[in-house]
Amino acid sequence: MLDRYNPKDAEERLYQAWEASGAFRAGNKPNAKPFTIVIPPPNVTGSLHIGHALNNTLQDILARFERMRGRDVLWQPGLDHAGISTQIVVERQLQERQTSRQKIGREEFVKRVWEWKAESGGTITRQLRRMGASCDWSRERFTMDEGLSKAVIKVFVACHKQGLMYKDTRLVNWEPKLQTAVSDLEVENIEIKGNLWHIKYPIDGSDQFITIATTRPETMLGDTAVAVHPDDERYKALVGKRVRLPLSDRLVPIIADEYANPEKGSGAVKITPGHDFNDYEVGRRHKLEALNILTLDGKINDKAPEVYRGLDRFDARKKIVADLEALGLLEKVEPVVHAVPHDEKTKTVVLEPMLTEQWYLNVKPLADKALASVRGGRTKFVPERFADEYYRWLDNIQPWCVSRQLWWGHQIPAWYDDQGNIFVEETEAEALAAAKAKHGRDVKLRRDPDVLDTWFSSGLWPFSTMGWPEETPEVKRYYPTDVLVTMFDIIFFWVARMMMFGVHFTGKEPFHTVYIHARVVDEKGQKMSKTRGNVIDPLTLIDEFGADALRFALAIAAAAGKDLRMGKSRVEIYRNFCTKIWNAARFCEMNACVRTAGFDPAASKSTVNRWIVGELARTRNDVTAALEAYRFNDAAGALYEFVWNVYCDWYLEFIKPVLSGADEAAKAETRATAAWVFDETLKLAHPFMPFITEELWRVTGEQGPKRESLLIAAAWPTYAFARDAAAEAEMNWVKTLITEVRSVRAEMNVPAATKLPLQLKGASAAEAEWLGRHNDLILRMARLERAAAANELAKGSAQIVVGTGTAGLALEGAIDFGKERARLTKEQQKAEGEIARIDQKLSNKEFVAKAPEDVVQELRDKREEYDAARLKFTEALKRLG
C-alpha cells in the first residue's frame, strides 16, 4: 500500500468506475423493493455551495445505504430552468454585445437561452459528481424538457377547467427592471438607511394641517385617503372631512380605520391603495380608488402632475421632497433604518407594489388535501416541529400569482381573440377549435405572452420526472417517492406545492417523509454571507482535504434542529479520520492480516477477537438504526467511535502482542479477524466516505479471496451470531481500567516516563482473573510498574472505581499532593466563576432577546465546556482524598 491516501489520484477514477459499472442506475434489481429520492433540482445557473454539499451528501448516504440493503434505488437528478435567474444571465450577455432581448425578439432570445444552457448550464451537476453523488444520471431531467413541459401544460389547463385558475387585477410585487411580477415568497426585506419624511396635509376649508410620515414620499401622488384610528380622540372631529393633497391638488377623505396606529408617529397615515399592500386592504374596505402612478419600468406616469411625469421613482422622490420643503409643508426629516423589499434573486432591485392583471391559482382546495395528508400521518416531517410551519402556511394560504412577465419559462397555454375571450387549451390547435366552436367560424388568436412561475413546474417534480401524465413504468414503480431531503427555507416554496399538486393530481402523497436538515453556518455560528467574508467553498475544501473528509464533516454535524457549524478546521479533523482508516489498513497489511475464505466470526476462540466482533455488530446495529431514523449525526458518530477508538486505538493495540507472539493458531485467528472486521467496517463507512472505502476495498482485495463486486454494490452487513456478553464484559473492564489510569495520570500531571504501581481492592473473582490474564497488556498501555490484587490500598493512592472493585494508583513520591490539591482547587474555582458569569448573562431575558442567536448559542456551548471542566477537577480532588 501507499504510505498515504491521495484523494486527487483516486476520486475521479473511482467515480468513472462506478458510472461504468452501472451501479447508479435504477432498474438493476427488478424484483427488489424500490427506494426513490428526487433531488431538489438546483438552478441551471447555479454552482455548488456548502448548502448543496450538505443536502446532497445526506441524500447520497441514503441512496448508497439502501442500495447496499438490496433496494432498487432511483435517485432522480435534474435541473430547474430558474426563470428569472437564467433570463438575467442571458440578458447581461446581450448587454455586453450592445443588444437586448427586445431588439432580437422572443423567439431568438429563447434560442439564445437554450444555447447558453447547452454551453454553460449544468455546471453544478459536474460539481455534484465531485461530491460523489450517485444519482442515476441516465435519467437526468430539466424542467423545460418536453415531457415535463407537457405535465405543466396539463396541470394548468386542468386547473382552469376545474375553475381554480383565473385572471384578476391585484396588487403584486413588481420588479421594474425585468418588468415582471415576483412571488411574495421571493421578496427579501433588506434593512437600509433611509429617511422618514413628516409631511403636512392641509385640511380643506381650514388653516389646519394633519401630519403624516412616510419613507416613500413619491407615492403620495397616488394617495386616495388619510386614515386615523376610530378611537383616536385627537382626530374624531376630522373624520369625514377632506385634505388637499399637496402637489397634486386633489381632495381626499379622512377616514376612520383600525389600521392607523395612534401610538405610531402622528397617528395619521396616508392611504395609497395602488402602491401598498396594507393600504390596498384599507382601500377595499372603504371602496377607495386604487390609483397607479407608476409605469411598469418604475417611472411616474401621466396620472400624476405633469411636472413629475417621466421621472424615475427615486428622482421623483428627491424633487417631491424639495417641492414640499419650498411650500413649507415638510415638517421634519427623521433618519431611520427600515426594511425595504428587494428581489431575492438580485438583492439590488427595490420592488414596487403594483396593480397588474395576472393569472391566479385558487390553491385552497389543494391545500386542504395537503394538510390532511400530514395531519393524517401519511406524510411526516422529521424533525416533527417543522410540520407546524407547514400548517401555518397552508392554513392561511392565499391565491397564488402564477404568471410572470418573462420570456424564459413555460408559456401560459391561453389564447385570446379580438374580443378578449380566453381559450385555455393544451395546444394551439385545440384553442383554435374551441374558438371556432364559439364563433361558428375560424378566428385569429394570439397567445398569452406570460410564462409560469418557476415553482409551478418544480411543484410537479416528483411525478413529472417519471413521465406523468403518461402512465409510464417509472410512475408505476417509483412513485410515490420515499423521502424528500431539503431545508426549512423552502417548505413554503416547494414542499407544500409538491404536496398540493401530488395529492390533487395523482391521488397520492409524493413522499412519506420530509427530512428537514440544518442550516450550515460558520464556525462561530454566524450565517454565511459574502459581506461577512465567511462563505465556504466546498470545492476548495475538496481540493485540499478530499470529498470524503467534507462529506463526513457535514454528516457528523447534521444534528436535527441545530445549525451546522462548518469551517476548514472541522474538515481537517475528518481528513485525519481518513488517514486513520488508511493507516489501519496499512497496519493490517504489514502484519499479514488478510481476508480468509469461509471465515466464521462466531468461531473465534480469543476473548479479544470475540469482543471486537461483538463491538462491530453493535456498531452495525447503531448505524443502521440511526440511518433509518434520519439521525445522520448519530450514525456518523457511532462509526467514528468504532473506527477511531474501538478498532484502531484499542483492538489493534490489544492484538500487537499476539501478532508478534509464538502462538501460530492465535496469530492466524487474530489476523483473519482483524481483516474481516476491517472489511465489514468499509461497508459501514461506504455511504459516508465512498471514495476512500472503495479504494481500500480495491487495495485490500488484491490479497485473499477475489472480490465479487465493487464496494458500492456490496451487501450491507447482517449478522446471525449473538454478541459474546462475557467477552464484552472482560475487555470493556480492561479498557475502563486503562482509561481511568491514563485519566488520573493526566489530571495529576504525572510525568509520562514515570511508571506507577497499582493495587486492586474488593474486586470480584472474575475481575481479579481478568487483571491477571491481561496483566502485560495493562502494564504496557497504562504505563504501570506492576498491577495486582490487594487487601488494602497504599497510602497516597488516587482511587479509581472499576467494576465492583477499587483500584489505587500509588502517587506517593510521584507528585506533590499539596501543590496538586491547590492547583485543582484553583482550576475548579475558575470554572465555577466562568459558569456564574455566563449564567448571569443567560438569565437576563433582555440580553437573550436582543443578542444575535449565534452569540447566545456560543455562550451555552462555553457553559457546557466549563461545566465539564468543573466536574473533571471535582472528581480529581475526590481522588486525592
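Residues numbered from 1 in each chain as written. Predicted model: local features only at pLDDT ≥ 70, side-chain atom pairs only at ≥ 80, totals over all residues. Heavy atoms only, no water.

A. Quick peek at the packing of helix 1 (residues 7–21) against helix 23 (residues 690–700). Following both chains from N to C, one finds helix 1 and helix 23 inclined at 80°, their axes separated by 10 Å at the closest point. One finds that helix 1 runs roughly perpendicular with respect to helix 23. For the pair helix 1 and helix 23, contact is made by Ala10, Glu11, Arg13, Leu14, Tyr15 and Trp18 and by Pro690, Phe691, Glu694, Glu695 and Arg698, respectively. Taken together, the residues that form the contact of helix 1 with helix 23 break down as six nonpolar, no polar and five charged. (Axes fitted to C-alpha atoms, helices over the stretch in contact; angles between N-to-C directions. Helix = DSSP H or I, 4+ residues; strand = E, 2+ residues; numbered from the N terminus. Parallel < 35°, antiparallel > 145°, perpendicular 65-115°, else oblique. Contact = heavy atoms within 4.5 Å. Nonpolar A, V, L, I, M, F, W, Y, C, P; charged D, E, K, R; others polar.)

B. Up close: empty space enclosed by the protein. On inspection of all chains with the given rule, the structure shows one cavity of 30 Å³ or more. Here the largest cavity defines a volume of roughly 70 Å³. Lining the largest cavity, in full, are Ile581, Ala584, Val643, Tyr647, Cys648, Phe678, Thr681, Leu682 and Ala685. Breaking the lining of the largest cavity down by element, the ones donating at least two residues are helix 19 (568–590), helix 21 (632–659) and helix 22 (664–685). Ranked by residues supplied to the lining of the largest cavity, first place goes to helix 22 with four residues. Across the lining of the largest cavity, the residue classes break down as eight nonpolar, one polar and no charged. (1 Å grid on protein atoms, 1.4 Å probe; cavity = no way out; pocket = protein on both sides within 12 Å on 5 of 7 lines; lining within 4 Å. Points joined across faces, edges and corners; volume = space filled by probe spheres on them.)

C. Fine view of the pattern of salt bridges. Within the structure shown, the criterion is met by 65 salt bridges. Glu357 is paired through a salt bridge with Lys167; the nearest N and O atoms lie 3.6 Å apart. Note that Glu357 is positioned in strand 14 (residues 352–361) and Lys167 in strand 5 (residues 165–175), a separation of 190 residues in sequence. In the salt-bridge network here, residues are joined through shared partners; they are Glu66, Arg69, Arg71, Asp482 and Glu628. (Salt bridge = Lys/Arg side-chain N within 4 Å of Asp/Glu carboxyl O.)

D. Main features of the side chain of Arg141. Among the secondary structure elements, Arg141 is positioned in strand 4 (residues 141–142). Within the structure, Arg141 has its side chain in polar contact with the backbone oxygen of Thr465 (distance 2.9 Å). (Polar contact = N/O pair within 3.5 Å; in protein donor to acceptor, adjacent residues only side chain to side chain.)

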